[in-house]
Structure formats: structure tokens, C-alpha cells
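# A look at the structure
Residue strings, one per chain:
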Amino acid sequence: MFLLLLLAGLLLQGDAQDQASLWRGNDRSGRCVYSFTVPSPVEASCPQPAAPEVEALKVRLGVLEMLVSQLSGKSLQPPGGRQGAGDRAQAELQDALNRAVAERSLLQGEKERLKREMKALQLRMEEMRRETERLRKRPCPQTPAAPPSHPQRDRAPTRPLEGCGDLLSVGEPVSHRRADNIAGKYGVWMQDPEPVSPYGPNMVWRIDTVGTEVRQLFGYEDLEQLSKGFPSKVLLLLDPLESTGATLYRGSLYYQRRLSRTLIRYELAAEHVAARRELPHAGFHGQFPYSWGGYTDIDLAVDEKGLWAVYSTSKAQGAIVISLLDPLSLEVRRSWETNIRKSSVANSFIICGKMYTVASYSAPDSTINYVYDTETSQGKAVSIPFKNKYRYNSMIDYSLAQRKLFAWDNFHLVSYDIRMSHSPAT
Ligand code: CA
């Protein structure tokens with residue numbers, strides 16, 4: 001209504017441009033108001049107040065000026081009480097950054113390892129696909145295949161070693177220690193079955209193998225001290241170590257030198273390198289690792305028969321090669337070529353001259369899927385349940401000292417009881 005009246009008023013005003021006119025209408029409060037309009041006798045037009053746009057701009061400018069002065073006031077605040085807190089915050093930030101960088105480089109290594117692993121898996125998948133195709137194309141045999149011959153049965157039986165036999169079963173994993181930082185995600189732990197003074201038979205040794213400069217060997221008085229995390233000895237290796245294949249025997253640590261096929265015998269008591277020798281033609285640094293990856297190209301093992309190396313060569317085309325080594329000189333005494341691909345299994349261990357392979361490093365319910373007997377030079381498929389409780393088993397070895405399996409499963413140093421077909425001599 002008000003708008004209508006205002007409009008009428010405006011029209012009236014327009015009709016009476018050159019003379020006095022009466023304007024009547026309601027104001028905002030609804031009250032009736034009379035106004036008279038008289039043209040100016042002297043001015044053609046009124047001097048206009050500033051346009052509303054200009055007023056608005058002025059207000060906005062004022063606000064901006066205020067903001068600028070506030071902001072510049074903050075940035076120009078003189079150093080004072082806030083400075084100390086600032087320094088502390090900066091130091092904390094730097095610290096966090098350093099930690100993040102360290103963590104990042106470790107994770108980078110892990111990422112690269114996983115990449116290689118993925119590549120290996122892709123290759124295996126392709127291989128399996130080809131194998132499936134080949135089998136599909138092959139015609140079905142008309143007559144059942146002849147049973148495999150067992151030449152070893154005709155041989156004169158060799159006298160079994162004391163307590164030696166076949167692996168029948170593996171118990172539940174028992175965790176002895178959880179590594180407390182990322183460097184212990186994978187590693188190797190071991191006991192010397194024939195220790196040399198000053199180290200006694202209870203001594204347990206451990207190496208965290210995450211990172212590129214792995215040199216520290218931690219010694220613990222016994223399993224309890226290992227569980228508590230109190231080493232009594234820390235040895236620094238001159239040559240950095242690669243992967244989780246190290247082992248202990250007769251007072252020496254045996255391991256593969258980083259980025260090489262060189263084996264090293266390091267005497268614990270004398271704390272020096274007693275022998276260095278290349279393992280002929282052995283692949284290294286990711287050429288023939290286990291399915292887990294992690295440069296597990298050369299895996300050393302000790303059993304009732306001595307010191308062994310499990311690896312592969314270009315000639316063997318990735319199949320596992322087993323060599324019995326001279327523990328003093330590291331020379332190869334004898335080698336066996338198996339027909340199981342190293343990249344197809346997670347790890348291996350040797351008991352009584354028989355090499356066993358584990359199918360998966362991550363499946364919680366895996367199996368020991370193959371055994372190779374160096375006595376008969378024969379391999380066969382088996383299926384013995386094996387548990388990867390923590391789903392990331394990077395090292396599995398037979399501990400001759402304990403007659404158990406030792407493993408490193410996702411930060412956990414675990415052991416497994418085993419049952420053999422002939423119980424160990426007592
Ligand atoms: Ca092993």
C-alpha cells in the first residue's frame with residue numbers, strides 16, 4: 001500500500017514539475033503526511049550528496065584499512081615473550097621433520113622392496129599362466145604313469161645321524177620379543193650350537209636388518225635378557241650385512257656382505273673377519289630372493305651336518321641350489337641343484353641335511369611344501385602346516401642349539417617346537 005501511494009505521489013510530483021504541488025501519502029509508520037513541492041527559483045538542479053556507491057566504497061576502504069593495520073601490527077610485533085616459545089616450537093618442528101625424514105627413508109626402502117616383490121609375483125603369475133596353458137594343450141595320458149623309481153632304495157642305507165629323521169610337524173609360534181622400532185620390522189636371531197668362549201651356550205644374538213648400513217650385532221646373556229631387551233654385548237661389523245640369511249656356528253657369525261656374493265666369517269671372540277670368499281655364481285641383491293624379497297638371495301643355515309648356503313644361480317635359472325660349505329675357508333664342498341624355484345617359496349631351513357621350504361611368508365595358515373634330501377639328491381612335495389602368526393615372516397631357520405625353528409615375523413622374534421620322526425638323542 002505504501003508503495004502504491006508513493007508511486008501516486010511521484011506521479012503527482014511529475015505533473016506539477018514547474019509549480020507548487022501538494023503531495024499526500026502515508027509514511028513508513030503508516031501515518032498520513034502532506035508535503036508541498038516548490039521548484040527552486042535559482043537552481044536548475046540540487047547539488048547531489050555523494051552517490052550511495054561512493055559511500056559504500058568508503059566504508060569498505062575503511063574496513064580494509066583497519067584489516068591492513070591489524071595485520072601489519074601483528075607481523076611487526078617486536079620480538080619479546082613470544083620469541084622463546086617460537087624457538088621451542090621451531091626446534092620441535094625441526095625434530096619432527098628429522099624424524100619424519102628418517103622414517104621416510106626407511107619406508108622408501110620398504111616400498112622399493114615391495115615393488116620388487118610385486119614384479120616377482122607378476123613374473124610368477126605369468127609363468128603359472130603359461131604352465132596352465134601348456135597343461136591344457138597336452139593330451140590326457142591313456143595309461144597311468146609308471147610309479148617313480150626310487151634309486152635311493154637300492155643304495156646301502158647310510159647310518160642316520162643321531163636324532164636325525166624327517167620333520168613331522170611344527171608347533172605354534174611362541175613370541176620371545178617384539179622389536180620396539182621400525183628397524184626391527186625384520187631381522188635375524190640365532191644361537192650358536194657350538195659356542196666359543198667367552199660366549200656360553202645360552203647366548204642369543206640378534207641383528208635388525210632394516211636399512212642399508214646393517215652392522216650391529218646384539219648379544220644377550222640368555223633368552224630372558226633378550227625378552228627384556230637388555231643386550232650384554234654389541235658388536236660392530238666392519239662389512240655391512242645384507243638380508244636375513246646370517247647364521248652362527250663354532251664361534252663365528254656367517255653372513256653375506258652387502259651388495260655382493262661375498263660370504264664373511266666373523267669371529268665373535270676376536271671381533272675380526274677370519275675369512276672372506278665369494279659364493280661362486282650366486283645371485284645377490286634381489287636377483288634370486290625368496291618370495292618375501294628383501295635381498296634374501298643367500299640364506300645360510302647350520303644343521304647336524306654343518307654349514308650350508310641356499311641360493312640360486314643364472315645357470316640354475318632361479319631354482320634353489322644348496323651348497324655344503326667348509327666352515328673355516330667358506331669353500332664349497334658340494335652342491336645340489338633342486339627343481340623348486342627360489343622365488344616361489346617364502347624361506348627355507350635345513351634339518352639333518354634335508355632342506356624344507358615354507359610356502360608363504362604372510363598367510364596365517366601356510367605349509368612346508370617341499371623337502372629336498374641331500375643324502376639322496378631327491379626332492380618331493382610335502383604338506384606340513386606352518387603358521388605365520390604375525391603375517392610377515394622374513395626369516396626362518398633351524399636352531400640346532402634348541403632343536404627348534406627360529407623366525408622373525410613382523411617385529412616378533414618367535415620360535416616353533418618341532419617333531420621329528422626320530423626323537424633327538426638324550
Ligand atoms: Ca632360512
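Residues numbered from 1 in each chain as written. Predicted model: local features only at pLDDT ≥ 70, side-chain atom pairs only at ≥ 80, totals over all residues. Heavy atoms only, no water.

## Remarks on the overall build of the protein chain
Note the cut-off: The secondary structure listing takes helices from DSSP runs of H or I that are at least 4 residues long and strands from runs of E that are at least 2 residues long, numbered from the N terminus. Burial classification: accessible surface area is computed with a 1.4 Å probe over protein chains only, and a residue below 20% of its type maximum counts as buried, one above 50% as exposed, and the rest as partly exposed. What makes two residues a contact is simply this: any of their non-hydrogen atoms within 4.5 Å. Where accessible areas are quoted, they stem from the Shrake-Rupley method and a 1.4 Å probe; at the residue level, only the protein chains shown are allowed to cover.
The secondary structure content of the protein chain amounts to five helices and 23 strands. The buried share among the 426 residues of the protein chain stands at 38%. Across the protein chain, contacts joining residues at least 24 apart in sequence account for 52% of those joining residues at least 6 apart. Looking at the protein chain as shown, the accessible area adds up to about 25300 Å², and 56% of this sits on carbon and sulfur atoms.

## What about the sheet that holds strand β13 (residues 299–303)?
The cut-off we apply is this: A pair of strands is treated as paired once DSSP finds two or more bridges between them. Only the stretch in contact is used when fitting a helix axis, every axis being a line fitted to C-alpha atoms; angles between N-to-C directions are given from 0 to 180 degrees.
A sheet is described by the order of its strands in space; here four strands give the open sequence β13-β14-β15-β16, paired in antiparallel fashion. The strands lining the two open edges of the sheet, one partner per strand, are β13 and β16 (332–341). Within this sheet the neighbouring strands show an average axis-to-axis angle of 25 degrees, counted without direction.

## Some points on the pairing of strand β21 (residues 393–399)
Burial runs high along β21: seven of the seven residues are buried. Relative to strand β22 (residues 404–409), β21 is paired through six bridges, and the arrangement is antiparallel. In the sheet register, Asp397 faces β22, and the bridge partner there is Phe406. Hairpin connection of β21 to β22: four residues between the antiparallel strands, including Arg403 at a positive phi of 50 degrees.

## Considerations on the confidence of the model for the protein chain
For clarity, the threshold we go by: The predictor rates its confidence in each residue with pLDDT, a number between 0 and 100.
The share of residues in the protein chain with pLDDT of 70 or more is 73%, and the mean pLDDT across the chain is 82. Below a pLDDT of 50 lies the segment residues 1–18, which in the model reaches 13 contacts outside its immediate sequence neighbourhood of four places, other chains included. For the stretch residues 74–81, pLDDT sits under 50, and the model shows one contact to residues farther than four places along the chain or on other chains.

## Structural notes on the pattern of salt bridges
So the rule is basically this: Salt bridges are defined by distance alone: a side-chain nitrogen of Lys or Arg within 4 Å of a carboxyl oxygen of Asp or Glu.
For the coordinates displayed, the defined rule picks out 17 salt bridges. As a salt-bridge pair, Asp180 and Arg177 come within 3.0 Å of each other at their nearest N and O atoms. Overall, Asp180 belongs to the exposed group, its relative accessible area being 60%. The partner of Lys228 in a salt bridge is Glu224, with the nearest N and O atoms 3.0 Å apart. Taken together, the residues Lys228 and Glu224, both in helix α5 (residues 223–228) and four residues apart, mark about one turn of the helix. Taken together, the shared-partner salt bridges in this structure form one network comprising Glu213, Arg215 and Arg258.

## What to know about the coordination of the calcium ion
Rules: Any N, O or S atom lying within 2.8 Å of the metal counts as a donor, with the limit raised to 3.2 Å for Na, K and Ca; because water is left out of the atom set, some sites can appear incomplete. By the criteria applied here, four donors are tetrahedral when all angles lie between 85 and 135 degrees, four are square planar and six octahedral when opposite donors are over 155 degrees apart and every other angle lies between 65 and 115, and any other arrangement is irregular.
Looking at the calcium ion, the protein donor atoms are Asp299 (OD), Asp299 (OD), Asn347 (OD1), Ser348 (O), Ile396 (O) and Asp397 (OD), and they sit 2.4 to 2.9 Å from it. Given six donor atoms and angles of 47 to 157 degrees at the metal, the environment of the calcium ion is assigned as irregular. In terms of primary sequence, the donors binding the calcium ion are separated according to D-x47-N-S-x47-I-D. Taken together, the residues span a long stretch of sequence, with Asp299 in strand β13 and Asn347 in strand β17 (residues 347–351) at a distance of 48 residues. By relative accessible area, Asp299 is classed as buried at 5%. For Asn347, a relative accessible area of 2% gives the class buried.

## Thoughts on unusual backbone geometry
The peptide bond linking Ser197 to Pro198 adopts the cis configuration, its omega dihedral lying at 15 degrees. Tracing the backbone shows Pro198 in the loop between β5 (187–190) and β6 (204–208). With a phi close to 50 degrees, Arg250 is a non-glycine residue in the positive phi region. Mapped onto the secondary structure, Arg250 falls in the loop between β9 (247–249) and β10 (252–256). Judged by relative accessible area, Arg250 falls into the partly exposed class, the value being 42%. Although it is not a glycine, Arg403 sits at a positive phi angle of roughly 50 degrees. Here Arg403 shows up in the loop between β21 and β22.

## Considerations on the state of the cysteines
How we decide: For the purposes of this analysis, a disulfide is any pair of cysteine sulfur atoms at a distance within 2.5 Å.
Throughout the structure, instances matching the rule amount to one disulfide. For Cys164, the disulfide goes to Cys352, at an S-S distance of 2.0 Å. As the torsion about the S-S bond is roughly -95 degrees, the Cys164-Cys352 disulfide counts as left-handed. In this pair, Cys164 is assigned in the loop between α4 (151–154) and β3 (167–170) and Cys352 in the loop between β17 and β18 (354–358), connecting sequence segments 188 residues apart.

## So, the nonpolar core
Stated formally: Note on terminology: a nonpolar core comprises buried Ala, Val, Leu, Ile, Met, Phe, Trp, Tyr and Cys residues joined through side-chain atoms within 4.5 Å.
Among the nonpolar cores identified, the biggest contains 38 residues, and Leu167, Val170, Phe349, Ile351, Ile368 and Leu405 are the most heavily contacted of them. In terms of residue count, strand β23 (residues 412–420) provides more of this core than any other element does, four residues in total. If we skip the residues at most four places from it in the chain, Leu405 touches Val170, Phe349, Ile351, Phe386, Asp397, Tyr398, Val414, Ser415, Tyr416 and Ile418. The next biggest cluster of nonpolar side chains, apart from the first, holds 29 residues, and it includes Tyr199, Ile207, Leu241 and Phe411.

## A word on empty space enclosed by the protein
Operational definition: Buriedness of a pocket was judged along seven lines, with at least five required to meet protein on both sides within 12 Å; pockets are open sets of points on a 1 Å grid over the protein atoms alone, cavities are sets where a 1.4 Å probe fits but cannot get out, and lining residues have an atom within 4 Å of a point. Grid points are joined across faces, edges and corners, and a volume is the space filled by probe spheres set on the points. Think of it as three bins: nonpolar holds Ala, Val, Leu, Ile, Met, Phe, Trp, Tyr, Cys and Pro, charged holds Asp, Glu, Lys and Arg, and polar takes everything else, Gly as well.
Using the criterion set out here, one finds three cavities of 30 Å³ or more in the structure. Size it by volume and the largest cavity reaches roughly 120 Å³. As for the largest cavity, its lining consists of 15 residues, and the residues nearest its centre are Met190, Gln191, Thr247, Tyr398 and Ser399. Listed by contribution, the elements that provide at least two residues to the lining of the largest cavity are β5, β9 and β21. Of the residues that constitute the lining of the largest cavity, the class distribution is 11 nonpolar, three polar and one charged. Each pocket or cavity is described by its volume, and for the second largest cavity that value is around 60 Å³. Contributing to the lining of the second largest cavity are Asp192, Pro195, Val196, Ser197, Tyr199, Met203, Trp205, Gly251, Leu268 and Ala269.

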